[in-house]
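Here's the letter readout for the chains.
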Amino acid sequence: MRHIISLLMENESGALSRVSGLFSARGYNIESLNVAPTEDDTLSRMTIVTSGSNEVIEQIIKQLNKLIDVVKVLDLNDGRHIERELMIVKVKATNKYRDEVKRISDTFGGRIIEMAETTFTIELTGPSSELDDYLDSLDKAAIIETVRTGALGIGRGERILKI
Amino acid sequence: MKPEIITGAEITIRSLQEENVEFVFGYPGGAVLNIYDAIHQQTEFKHVLVRHEQAAVHAADAFSRATGKVGVALVTSGPGATNAVTGIATAHMDSIPIVIISGQVPTHAIGSDAFQECDTVGITRPCVKHNFLVKDVNKIASTIKKAFFIASTGRPGPVLVDIPKDITAETAEFIYPKTIEMRSYKPVIKGHSGQISKAIDLLINAQKPMVYSGGGAVLGDAAKSLTKLVKKLDLPITNTLMGLGGFPASDENFLGMLGMHGTYQANMAMQECDVLLAVGARFDDRVISNPEHFLKNPKKIIHIDIDPASISKRVKIDIPIVGDVDLVLIDLLKAYQEVEKNHNKKLISPWMEKIKNWTDTDCMAYKDNGSVIKPQSVIQKLHEVTEGDAFITSDVGQHQMWAAQYYPFDKPRRWINSGGLGTMGVGLPYAMGCQLAFPESQVACVTGEASIQMCIQELSTCKQYNLPIKIITLNNRYMGMVRQWQEFFYGNRYAESYVDALPDFVKLAESYGHVGMKIEKSSDVEGALKEAFSPKLKERLVFMDFITDQTENVFPMIPSGKGLSEMILAKDE
């Protein structure tokens, strides 16, 4: 099953490679991995999307906790949470596509951030699956380039990841 | 008083002194010259000059295994660090607390492919508990403090501190922190009381209970409380290869080692028990073999371990107890006192009877017609001659298994070997670490003619420091364990397992300034061992080259992937 794991770690050089190294060394999947500083500049927050059986996920959480620089780990799938991913897509917007791309983007709540002569660049946020659906709705031949952040997540209500 | 202002190199040395380090095993080189200059001007700890960095780490590792203290190694950048990697990985697999200080090229040169530069922190990351690159002279002391703290607490392990050369030349105030607090690292040491009473309840109501203890019981200095608990509840117990000595081998409750080359009774009891208490052990592939087969006989498993990640890694655990093994065992004993009156020890009589029948198969018997030397008999004689009280180090292979099987250990920290990584070449540097730690004790290195050559250069170190190690080489002219697998599983095709062009070990030992002996007859084994351990040779390293049966195999054996009860026994051959 797909899990979104959030963690806080010391903002030290090499912290990212400790996590990515752990996943490759133990053969765990990484669907996406996102890391950025937090409001506390001594901490980085990482969001990892992975998949595996319950046993594998349990081991991943334990192994992450075992890393000396990791301060706190939360499996967002243990409770209610919000998931968002940002995607920027460049699509062909020649005559035949222009209206269709606009219509589909509107449906998904996408924002056209650049209208060039032959291309549109669209920004879209949502749960990762929604971004997949958007891409599926477009004519494959029209998609020139996509870039995605990987999923971010946060617990709903009182569920927080903070030290 | 204002703190002194000293160089980074001096801070490094003073920090090691603050940690009460007795020995630093190392090898100098460009990037650590400042540190070596500071070592030259101090007398508080002894520097031991090895002949290869791998041996420096192994010796520091053995010092730790034998004493329980943190071992220290010092190596230079680039090749010094890469040579150390085998030693670091060996210590990591067996959870041995060591601190490795490595030199690095100057900070401005990092990343420029400078002479003797390598990404030491990157290369060692997967085989250390943690590592650091120190880029500020003001952080050397606190980093070394953290390194010792991390190495020796929780599940122990190696910690590497990489220090660029320019940082060791800069100066700073020397303030060594008294304590250290890390928000990201707080190992749990106290076991959960609810789990502890559940565990005792299971144990006293079991019909077929079994205890299995591993390296954690030895490293956690829990041998006393383990023995007390097992005797008090009167339970059968087995040790893993790493756990030998954690429970006295001569005790009647002891079933011998378990696992791939474990005893028939230990493996059968593990397979058929209904309640299993695992103490500082990790259910690895060489121990329980195939997990599905192991669980075919339903059992409730209680697992005490300092490392939460060891719990339910290969086998699902019913009652996990995370904590320091010794503290948890003491709590178990306390919890038992409250329910002792309800404990009917007769409940397990049929089980003990069954175990006795397994033991009666005498799985360790071997044929000895008195002509060619049987390797097992050399170990048994070694046990007699040393009165079972020596530090025994081993390399890796058949001789390692025979040492584990035929030298019963009654005390912890006496059996020093590479269980996890299985590193050939550790034996001699391991013996160095033990002998330096315990200069008055008997130290024997049980090895093979293949393994010993992987760190043979250390005979020179042994001469320099007058280490009177006794090297017991079981020389069968084969990489024995490789040959055994080739015989069993590869149709007797002995691909590259014959060690051709062996040196004359007697002359080799003599050329290093030691005593060499070649023993070819079974009848000479005891006499030779007695001579080697006699007062006459007390001060000398004796290299004993025992020419043993070329085709002897280690039994029992569980073929890889098979179940614990699917052993090949000597009598089946």
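Further up the page is the structure itself.
Some words on the overall build of chain A
And step 1. Of the regular secondary structure elements, chain A holds four helices and nine strands.
And step 2. Each principal axis of the C-alpha distribution contributes one length, and for chain A these read about 55 × 35 × 35 Å.
And step 3. Each of the 163 residues in chain A was classed as buried or not, and the buried ones make up 27%.
And step 4. Long-range pairs, those at least 24 residues apart, make up 72% of the contacts in chain A between residues at least 6 apart in sequence.

Here's the deal with the nonpolar core
It is characteristic of soluble globular proteins that their nonpolar side chains tend to be buried jointly.
And step 1. The biggest cluster of nonpolar side chains holds 209 residues, and the ones touching the most others in it are Ala 56, Ala 73, Ile 98 and Val 99 of chain B.
And step 2. Apart from the residues within four sequence positions on either side, Val 99 of chain B is in contact with Val 70, Val 72, Ala 147, Phe 148, Ala 151, Val 159 and Val 161 of chain B.
And step 3. By size, the runner-up hydrophobic cluster in this structure holds 11 residues, among which are Met 87, Val 91, Val 101 and Leu 124 of chain A.

Some words on the packing of helix 8 (residues 193–205) of chain B against helix 14 (residues 325–339) of chain B
Residue and element names in this part refer to chain B.
And step 1. Following both chains from N to C, one finds helix 8 and helix 14 inclined at 60°, their axes separated by 9 Å at the closest point. Compared by their axis directions, helix 8 and helix 14 come out oblique. The crossing of helix 8 and helix 14 is right-handed. Across the interface between the two elements, Ile 196, Ser 197, Ala 199, Ile 200 and Ile 204 of helix 8 pack against Val 328, Asp 331, Leu 332, Ala 335, Tyr 336 and Val 339 of helix 14.
And step 2. Residue classes in the contact of helix 8 with helix 14 are distributed as nine nonpolar, one polar and one charged.

Let's talk about the interface of chain A and chain B
And step 1. The partner chain B presents 12 residues to the 16 residues of chain A that form the contact.
And step 2. Of all the secondary structure elements, the ones that give two or more residues to the side of chain A that touches chain B are helix 1 (15–25), helix 2 (54–66) and strand 4 (70–75) of chain A.
And step 3. It is helix 2 of chain A that contributes the most residues to the side of chain A that touches chain B, five residues altogether.
And step 4. A per-class count over the side of chain A that touches chain B returns five nonpolar, five polar and six charged.

What counts and what doesn't
- Here the residue numbering is sequential within each chain, running from 1 through the sequence in written order.
- All chains are assigned letters beginning with A, and all ligands numbers beginning with 1, in the order in which they are written.
- Under the rules for a predicted model, residues below a pLDDT of 70 receive no local features and side-chain atom pairs below 80 are neither given nor counted, while totals for whole chains, interfaces and linings still include all residues.
- Helix and strand definitions follow DSSP, with helices as H or I runs of at least four residues and strands as E runs of at least two, each counted in order from the N terminus.
- Here the C-beta atoms are placed from the backbone, and a residue counts as buried if at least 20 other C-beta atoms lie within 10 Å of its own, exposed if 12 or fewer do, and partly exposed otherwise.
- Two residues form a contact once the distance between their C-beta atoms, set from the backbone, is within 7 Å.
- Under the definition applied here, buried Ala, Val, Leu, Ile, Met, Phe, Trp, Tyr and Cys residues are grouped into a nonpolar core through C-beta atoms within 7 Å.
- Where helices are involved, their axes are fitted lines through C-alpha atoms of the stretch in contact, as for all axes, and angles between N-to-C directions lie from 0 to 180°.
- Each angle gets one of four labels, with under 35 degrees taken as roughly parallel, over 145 as roughly antiparallel, 65 to 115 as roughly perpendicular, and the rest as oblique.
- In this scheme the handedness of a crossing depends on how the near helix is turned from the far one: anticlockwise by less than a right angle means left-handed, clockwise means right-handed.
- Each residue receives one of three labels: charged for Asp, Glu, Lys and Arg, nonpolar for Ala, Val, Leu, Ile, Met, Phe, Trp, Tyr, Cys and Pro, and polar for the others, Gly being one of them.

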